[in-house]
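What follows is the residue order along each chain.
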Amino acid sequence: MSITWNIIWETHPEVFIVKDWKEYPEDKKRSSRLPLQYAYFMGGETTLRVGIIACSSIIREEEFLLAGLLWGHRLSNGAKTVIYYVAPDFSKPFLTGLSKIGGTIDARAVYWREKLTPSLYPIPEKQLLSRSRYALGEERPDWKRWGAGLNPVARQQLITVKDFFSKLASRGVQLVVKNQSINVVWGNFEIAEVRRKGKKFELCTKLKWLKSKELMLKWQKQGWVDSSGSLNTGFCATILDILDYLEALEQEGKLRPQDLLASLLYKGEGALKMLWGSPWAWPWLPKERGENSVIEFEEWSFFQGNGQLSVVCPIFEKPLLKGVRSILLASVLERSLLLVSAKDDQGNPLVWDGRVHWLTTLGKDEELRRCYSWLNDPGKFPIWTLPENWQENGIYELNCQSNYLNHSLMQKGYL
């Protein structure tokens, strides 16, 4: 592969600003902790460093983007550096993400077409900065639309199911409507499911997350609406038992940090409410296969307040990779139609300011801040850290670790 790449560079000198490329050997890739699946080349002079990162197919775009940035950082040593990304194809979010790269690194994309002559095609900068928007996803059905295909009796029974779970919203229960199912969740845990079966539906508890086989057998219950128009008492009691169990885990500090945070973000209390307003439900589902980004946004949190839509990306692990991934996903929000017609709970327009708030814990913010040296507008990705004792005392305070906005937001009346 490396011999093939060298021949390609030599036959296309007009594409690059330097020539006489040197390949970075495997042992140095390992010592520099660069992903081994890509080919790396270097050129340039002391005042201008130039590199190439190439692959014959991109499996995960965030890994490819991050590897190129790490390669540019490795070459740079503070000098202006140009990195060429070479691959058979690039998605629109990837190209938009490249337009966000700045500082000492200038990122450029080059198509590689093995069976065409010429085989390299630089992508014009105006294509990276295209203002056209594209359609993505489909609107999530509401309960009425979801029940439209049911028979009249089942539609009436569905209202009973909705009423029961809606009354549990104060305990952190969410209802997530999809095309074939309605998922009942608490934080990251799915506790029940309504699934379409022809013109009827089935209701049952969902306990894949539960480790206790004894509790799993005890709480595996079917739900139905009896002749009196009520949900069967056994199912209702089981749901309440499951909530008691999860809330006890929360109070005893036995939830994973990411699971606890998901619960707190949904409730949106304390400093979250002061800073961003009330939670806003993600209203989209993927329309076609491959629209993974539409699904991934469900892992983020959205808030509404005073006509403003705020986008929050929780980051608990692999900060650099998650940060770069969020840059690509921010590009999806920016260039797609997903948030163009966003409305609050009263139907009033919501405006997104283009920022993605990185929410993380103390310590991980240091690694995230490395991304700032690669961005031409770091202000679009403010870093917020949770208080040190947030798992015990909740999110009573948020600290912004971004250089341009460094302050602490504390919930009034906490201390």
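Structure: above.
Below is a short write-up of the structure. (Residues numbered from 1 in each chain as written. Predicted model: local features only at pLDDT ≥ 70, side-chain atom pairs only at ≥ 80, totals over all residues. Heavy atoms only, no water.)

As a further point, take the overall build of the protein. Broken down by element type, the protein carries 15 helices and 20 strands. Across its three principal directions, the C-alpha atoms of the protein cover 80 × 55 × 45 Å. Scored against the burial criterion, the 415 residues of the protein give a buried share of 50%. Within the structure as shown, the protein displays about 21200 Å² of accessible surface, and the carbon and sulfur contribution to it stands at 50%. Seen as two clouds, the 54 positive and the 47 negative side-chain charges of the protein have centres 3 Å apart. (Helix = DSSP H or I, 4+ residues; strand = E, 2+ residues; numbered from the N terminus. Buried < 20%, exposed > 50% of the residue type's maximum accessible area, 1.4 Å probe, protein only. Areas by Shrake-Rupley, 256 points an atom, 1.4 Å probe, with all protein chains shown as cover. Lys, Arg positive; Asp, Glu negative; His and termini not counted. Charge placed at Lys NZ, Arg CZ, Asp CG, Glu CD.)

Further remarks concern the sheet that holds strand β6 (residues 120–122). Think of a sheet as strands paired side by side through backbone hydrogen bonds, with each pair either parallel or antiparallel. Pairing is mixed across the open sheet formed by six strands, whose spatial order is β1-β2-β3-β4-β5-β6. Whereas interior strands pair on both sides, the edge strands pair on one side only; in this sheet they are β1 (22–23) and β6. As paired elements, strand β2 (residues 39–44) and strand β3 (residues 48–54) share six bridges and run antiparallel to each other. Note on β3: the bridge partner recorded for G43 is V50. Across the face of the sheet, helix α4 (residues 92–99) comes into contact with β4 (80–87) and β5 (105–112) while running at roughly 150° to β5. (Pairing = 2+ DSSP bridges. Contact = heavy atoms within 4.5 Å. Axes fitted to C-alpha atoms, helices over the stretch in contact; angles between N-to-C directions.)

Our next topic: the packing of α4 against helix α13 (residues 319–335). With their axes 8 Å apart at the nearest point, α4 and α13 run at an angle of 105° to one another. Comparing the axis directions of α4 and α13 gives the class roughly perpendicular. Only I327, L328, S331, V332, E334 and R335 of α13 make contact with α4, whose side of the interface consists of P93, F94, T96 and G97. Along the lines of polarity and charge, the residues of the contact of α4 with α13 split into five nonpolar, three polar and two charged. (Parallel < 35°, antiparallel > 145°, perpendicular 65-115°, else oblique. Nonpolar A, V, L, I, M, F, W, Y, C, P; charged D, E, K, R; others polar.)

Attention now moves to the pattern of salt bridges. Any two side chains of opposite charge can pair, given that their charged atoms come close. Within this structure, the stated rule accounts for 19 salt bridges. Between E334 and K100 there is a salt bridge, with the nearest N and O atoms lying 2.5 Å from each other. With E334 in helix α13 and K100 in the loop between α4 and β5, the pair connects residues that are 234 residues apart, well separated along the chain. Residue classification places E334 among the partly exposed positions, given a relative accessible area of 23%. Residue classification places K100 among the buried residues on the basis of a relative accessible area of 14%. (Salt bridge = Lys/Arg side-chain N within 4 Å of Asp/Glu carboxyl O.)

The next thing to look at is the pairing of strand β8 (residues 173–177). Both β8 and strand β9 (residues 181–186) contribute to a ladder of five bridges, which runs antiparallel. Within β9, the residue paired with V177 across the bridge is I182. Here β8 folds back onto β9, and the loop between the two strands holds three residues.

In this model, T117 is joined to P118 through a cis peptide bond whose omega is -5°. Among the secondary structure elements, P118 is positioned in the loop between β5 and β6. The backbone of D20 sits at a positive phi, close to 60°, despite the residue not being glycine. Structurally, D20 can be placed in the loop between α1 (2–11) and β1.

Looking now at the state of the cysteines. Taken as a whole and judged by the stated rule, the model has zero disulfides. Distance from the sulfur of C236, which forms no disulfide, to the nearest cysteine sulfur (C204) is 14 Å. Counting only cysteine sulfurs, C371 is the nearest neighbor of C313, a cysteine outside any disulfide, at a range of 11 Å. (Disulfide = S-S within 2.5 Å.)

As a further point, take the side chain of S336. Its place among the elements puts S336 in the loop between α13 and β17 (351–360). From its side chain, S336 meets the backbone nitrogen of L338 in a polar contact 3.3 Å long. Excluding residues within four positions of it along the chain, S336 makes contact with R133, Y134 and L136. (Polar contact = N/O pair within 3.5 Å; in protein donor to acceptor, adjacent residues only side chain to side chain.)

What follows concerns α4. Along α4, seven of the eight residues are buried, which leaves the element largely enclosed by surrounding structure. For α4, the complete set of buried residues consists of P93, F94, L95, T96, G97, L98 and S99.

Locating G103 in the fold gives a position in the loop between α4 and β5. Here the alpha-carbon distance between G103 and W374, two residues 271 residues apart in the chain, equals 5.6 Å. Beyond its immediate sequence surroundings of up to four residues, G103 is in contact with K80, S373 and L375.

Attention shifts here to the sheet that holds β9. An order of β8-β9-β10-β11-β12 is seen for the five strands of this open sheet, with the pairing classed as antiparallel. In the strand order of this sheet, the two ends are held by β8 and β12 (222–223), each with one partner. Most of the contacts of helix α7 (residues 152–166) go to strand β11 (residues 200–205), to which it runs at about 25°, and overall it touches β8, β9, β10 (189–197) and β11. In the packing of helix α9 (residues 233–251) onto the sheet, contacts are made with β8, β9, β10, β11 and β12, and the angle to β10 comes to roughly 150°.

The values are spatial; any link to function lies outside them.
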